[in-house]
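Here is how the chains run, residue by residue.
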Amino acid sequence: MTARTGRVPYAQQRPRDVGGGVWSVPVPIPGSPLGCTLVYAIESPGGPVLVDAGWNHPDAWEALGGGLSALGFDVAAVRGVVVTHFHPDHAGLAGRVREESGAWIAMHEADAALVRLMRELGGGQAGLRAEMLRRAGAGPDDVARATGERPAPPAAPDRELRDGDLVDLPGRALRAVHTPGHTPGHICLHLEDAGRLFTGDHILPGITPHIGIYPYDRDDVDPLGDFLGSLDRVGELGPLDALPAHEWMFPNAAARAAEIRQHHEEKLARLRILLAERAQPLTIWEVAAMMTWNRPWADLPAVPRGMAAGEAAAHLRTLEVRGHVRRVSGAGPVRFQALDS
Ligand SMILES: [Zn+2]
């Protein structure tokens, strides 16, 4: 993620009525500079529906339950949890809410498929990650550092959503808008009766979401290309008030979508120049080490370094799809080279 402006510290955030029958509850993400996930509760005659649930941690659970009850809701009355995407700061507590209330959990079918895969792989994910890093040109130290503990996969959903589906929310109109990029099944949720858009991590006011490609050397998907298309998709919805999952609410989701698109186009242009200056094809790891991050490459710990490599890979793949670079596959790690054009 790229920082643009300051963030509101978790300690300064409170559960609150944000109007239109919507409430927000900040739920801390322990140890994360992001601070918290903004969980939203939407009122309905059939019980509140939550948009996202927060990280699975005792402090987060206490903040969610305490926040809901401060607003007059009981976690046991929650009707459902619609998850914008499968990441642990969004889907982590959904299973716990379901245990307490019998709520359904809904997410897009593409992220539901990933959750099933993660649950099947279990501990096997570390080996796959090591292999992916090697194929990207990472050295043994980076491979060893990147295979540590990861959060457990989230609960499997009861309901799968597709683009355009209405969420089960009696008396309201909450529609899923498929916005792949940050994850393949990321959705924004358009509260049509209130002119609002829950943007998840797709569009945030001060930072841009992580867009990576995993495994790094995949050539059958283009997450950054998908993300840019998803930004245009939000642009087409018009100047809706945005309710993001982090940071703060802001007006005109479409205008922010256009800014983020510009940010990535500039990053793609810089990467193209950087590749054109080198005669030899470069590994993903070499490219990532040459790009600009929020800290010098040498100072990036294993997880952010792995994410930076994922971002580099996603930008390389989009340049490849656009015909500006070619990949060189052989015995060693995959490499990329600029094409004259
Ligand atoms: Zn998030």
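Residues numbered from 1 in each chain as written. Predicted model: local features only at pLDDT ≥ 70, side-chain atom pairs only at ≥ 80, totals over all residues. Heavy atoms only, no water.

A. Region of interest: the overall build of the protein chain. Per the secondary structure count, the protein chain includes ten helices and 16 strands. Whereas a compact globule of 341 residues would reach a radius of gyration of roughly 20 Å, the protein chain reaches 20 Å, a difference of no more than 12%. With the C-alpha coordinates aligned to their principal axes, the bounding extent of the protein chain is approximately 65 × 40 × 35 Å. Sequence-distant contacts, at least 24 apart, represent 66% of the contacts inside the protein chain between residues at least 6 apart. Total accessible area on the protein chain is roughly 14300 Å²; 51% of this is exposed by carbon and sulfur atoms. Placing the 34 positive and 42 negative side-chain charges of the protein chain at their respective mean positions leaves the two points 3 Å apart. (Helix = DSSP H or I, 4+ residues; strand = E, 2+ residues; numbered from the N terminus. Rg over C-alpha atoms; globule rule 2.2 N^0.38 Å. Contact = heavy atoms within 4.5 Å. Areas by Shrake-Rupley, 256 points an atom, 1.4 Å probe, with all protein chains shown as cover. Lys, Arg positive; Asp, Glu negative; His and termini not counted. Charge placed at Lys NZ, Arg CZ, Asp CG, Glu CD.)

B. Structural detail: the coordination of the zinc ion. Taken together, Asp-89 (OD), His-90 (NE2), Asp-201 (OD) and His-246 (NE2) make up the protein donors of the zinc ion, found 2.0 to 2.2 Å from the metal. What the four donor atoms of the zinc ion show is an angle range of 87 to 158 degrees at the metal, which sorts the shape as irregular. Each donor residue of the zinc ion belongs to the same chain, and together they define the spacing D-H-x110-D-x44-H. Of the two residues, His-90 is situated in helix H2 (residues 88-91) and His-246 in the loop between strand S13 (241-244) and helix H8 (253-276); the sequence distance between them amounts to 156 residues. (Donors = N, O, S within 2.8 Å, 3.2 Å for Na, K, Ca; no water. Tetrahedral: all angles 85-135°; square planar, octahedral: opposite > 155°, others 65-115°.)

C. A look at the sheet that holds strand S16 (residues 335-338). Here three strands make up an open sheet; going across it, the order is S14-S16-S15 and the pairing antiparallel. The two strands at the open ends of the sheet, each matched to only one other strand, are strand S14 (282-283) and strand S15 (325-328). Pairing of S14 with S16, which is carried by two bridges, proceeds in the antiparallel orientation. Looking at S16, one finds that Leu-282 is bridged to Phe-336. The strands that helix H10 (residues 302-321) touches are S15 and S16; relative to S15, the one it contacts most, it runs at about 115 degrees. (Pairing = 2+ DSSP bridges. Axes fitted to C-alpha atoms, helices over the stretch in contact; angles between N-to-C directions.)

D. Structural context of the packing of aromatic side chains. Within this structure, the stated rule accounts for five aromatic pairs. Ring centres 6.2 Å apart and planes at 55 degrees place the aromatic pair Tyr-216 and Trp-285 in the tilted group. One end of the pair, Tyr-216, is in the loop between strand S12 (207-208) and helix H7 (223-236); the other, Trp-285, is in helix H9 (residues 284-290), with 69 residues separating them in the sequence. An identical accessibility class is assigned to Tyr-216 and Trp-285; each is buried. Among the aromatic side chains, those forming a connected cluster through ring pairs are Tyr-214, Tyr-216, Trp-285 and Trp-297. (Phe/Tyr/Trp six-rings, centres within 6.5 Å; stacked < 30°, edge-to-face > 60°. Buried < 20%, exposed > 50% of the residue type's maximum accessible area, 1.4 Å probe, protein only.)

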